[in-house]
Amino acid sequence: MSNVKESLETSLITASTRGNYEQKTGAVNVPIYASSTFHQESFDSFGPYDYSRSGNPTRDALEKTIAELEGGTRGFAFASGIAAISSALMLLSSGDHLVVTEEVYGGTYRFVTEVLPRFGIDHTFVDFTKAEEVEKAIRPNTRVLYIETPANPRLGITDIEAIVALAKANDCLTFLDNTFMTPLYQRPLDLGVDIVLHSATKFLSGHSDIIAGLAVTKDEELGRKLGFIQNSFGAILGAQDSFSLIQGIKTMGARLSQSTESTKKLANYLNSHPLVKEVLYPGLSTHPGYEIHARQAKSPGAVLSFCLPDRETAKAFVENLQIPVFAVSLGGVESILSYPATMSHAAIPKEEREKRGISDGLLRFSVGLEHVDDLIADFDQALIIASNIKQKVGI
Ligand SMILES: Cc1ncc(COP(=O)(O)O)c(C=O)c1O
């Protein structure tokens, strides 16, 4: 073990092998152990691996990597972000209650509202930007406070330490979806959170080529319980995708840093554009969560949302933009423009969506690695066309 104190940027590269290269060849990359089962040399005592659902060396390297990056003791790799989230929520039992941020990824909303109630697990949605509202929602049977910060899609900011304090005072656990930040920008376990969750489909893998989820715990007993669920429910990440994710993580520092710099420029550009009603980005001092975010995270990240006046303007803008892809997802090397009302948050009924500020003019933009001047020029021409359409129909 090296005695050099590494920065997280360096650990992104070194954590998967940690000096422990594959013995036969010294390969610099973790091998893909494409094996569902493992031969046991001895009749009496088995080796460290028996069956890949319970443990696979490639997945192990990934799980150790994310545990180290988040400052935890156990990492878990799942077949998707939602598999990580739903597996963590399976720690709850019938009769339990959880309080969930009302600004939450649509798939999490669907699992909490349509699956958990069938197992007798109840929920309350609350505006997590107001800790007093969260406190009011806690009941004697509340077991989990579920945080997403910055939240999807309006980038709402939750004061992590305030919610952790409430959880500790009420004997609850805190789960936090850290997808938008990654451990590079925000380390929730250091702030007392119990389980950190990721859609690793996004920035961690970074190339829009795999679907993956991760979870990290610090407390040994909680880690043991989540490991039991991972093996029992079985929504594990395969060895090939574990390998891809390890490789993606290695380049994340460079990717995220360039994308974040571009996002800051784009946010300023949009903020001064007359057609744009509102820019939601925790890097702007006008953002309501600006100060809290600056205290608990290292950077505002590479996702912003903005509001155009209505659906027609949004449609004209999307149809005339040339560089980004128009798609579900975020965190890729290519910029991704999404329309939350019919994409990431389509699982939330319209009335609920509108209550949560997911209007028909809201667009979410994940900034990739294209040159920022090209992105701004592209936005400029598409916004001119959208403005003309708005004037023509006299909205
Ligand atoms: C914040 C957040 N959490 C969780 C998920 C779900 O992850 P996955 O699509 O990998 O299942 C997403 C997907 O968009 C997300 O944006």
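The numbers attached to residues start from 1 for each chain and follow its sequence in the written order. Thresholds applied to this predicted model are a pLDDT of at least 70 for local features of residues and 80 or more for the giving and counting of side-chain atom pairs; totals over whole chains, interfaces and linings are not thresholded and use all residues. Heavy atoms throughout the structure, all of them, feed into the side-chain values; hydrogens and water do not.

S.K.: I keep staring at the site of the ligand and nothing clicks. Help me out?
M.R.: Around the ligand sit 13 residues, and of these Ile82, Asp177, Ser199, Thr201 and Lys202 come closest. Glycine 81 places a main-chain nitrogen or oxygen 2.9 Å from an oxygen atom of the ligand. In the environment of the ligand, a nitrogen atom lies 2.6 Å from a nitrogen or oxygen atom belonging to the side chain of aspartate 177. Numbering of helices and strands starts at the N terminus; helices are DSSP runs of H or I of at least 4 residues and strands are runs of E of at least 2. A total of 3 residues in the shell around the ligand trace back to one element, the largest contributor, which is helix 3 (residues 81–89). When residues are grouped by polarity, Ala, Val, Leu, Ile, Met, Phe, Trp, Tyr, Cys and Pro land in nonpolar, Asp, Glu, Lys and Arg in charged, and all others, Gly among them, in polar. Residue composition of the shell around the ligand, grouped by class: 4 nonpolar, 6 polar and 3 charged. Note on terminology: near, applied to a residue and a molecule or strand, indicates that one of the residue's heavy atoms is within 4 Å of it. What qualifies as a polar contact is a pair of N or O atoms within 3.5 Å, subject to a donor-acceptor requirement within protein and to the restriction that residues adjacent in sequence count only when both atoms come from side chains.

S.K.: Can you help me understand the pattern of salt bridges in this one?
M.R.: Close approach of charged atoms allows side chains with opposite charge to pair. For salt bridges, the criterion is a side-chain nitrogen of Lys or Arg within 4 Å of an Asp or Glu carboxyl oxygen. Taken as a whole, this structure holds 17 salt bridges when the rule is applied. The shortest N-O distance in the salt bridge between arginine 187 and aspartate 190 comes to 3.0 Å. Owing to a relative accessible area of 24%, arginine 187 belongs among the partly exposed residues under this scheme. Between aspartate 360 and lysine 350 there is a salt bridge, and its shortest N-O distance comes to 3.5 Å. Here aspartate 360, found in the loop between helix 13 (350–355) and strand 12 (362–366), pairs with lysine 350, found in helix 13; they are 10 residues apart in sequence, far enough to count as distant. Take aspartate 360: its relative accessible area is 27%, and that puts it in the partly exposed class. One connected set of salt bridges, linked through shared partners, spans Glu6, Arg18 and Glu68. A simple rule labels every residue: compare its accessible area, found with a 1.4 Å probe on the protein chains alone, to the largest value its type can have, and call it buried under 20%, exposed over 50%, or partly exposed in between.

S.K.: Looking at this model, I keep getting lost on the environment of alanine 316. Mind explaining?
M.R.: Considering the arrangement of structural elements, one finds alanine 316 in helix 12 (residues 311–320). The exposure class of alanine 316 is buried, given its relative accessible area of 5%. Only heavy atoms matter for contacts: two residues are in contact if any of them lie within 4.5 Å across the pair. Those residues in contact with alanine 316, other than ones at most four positions away along the chain, are Ala386 and Ile389.

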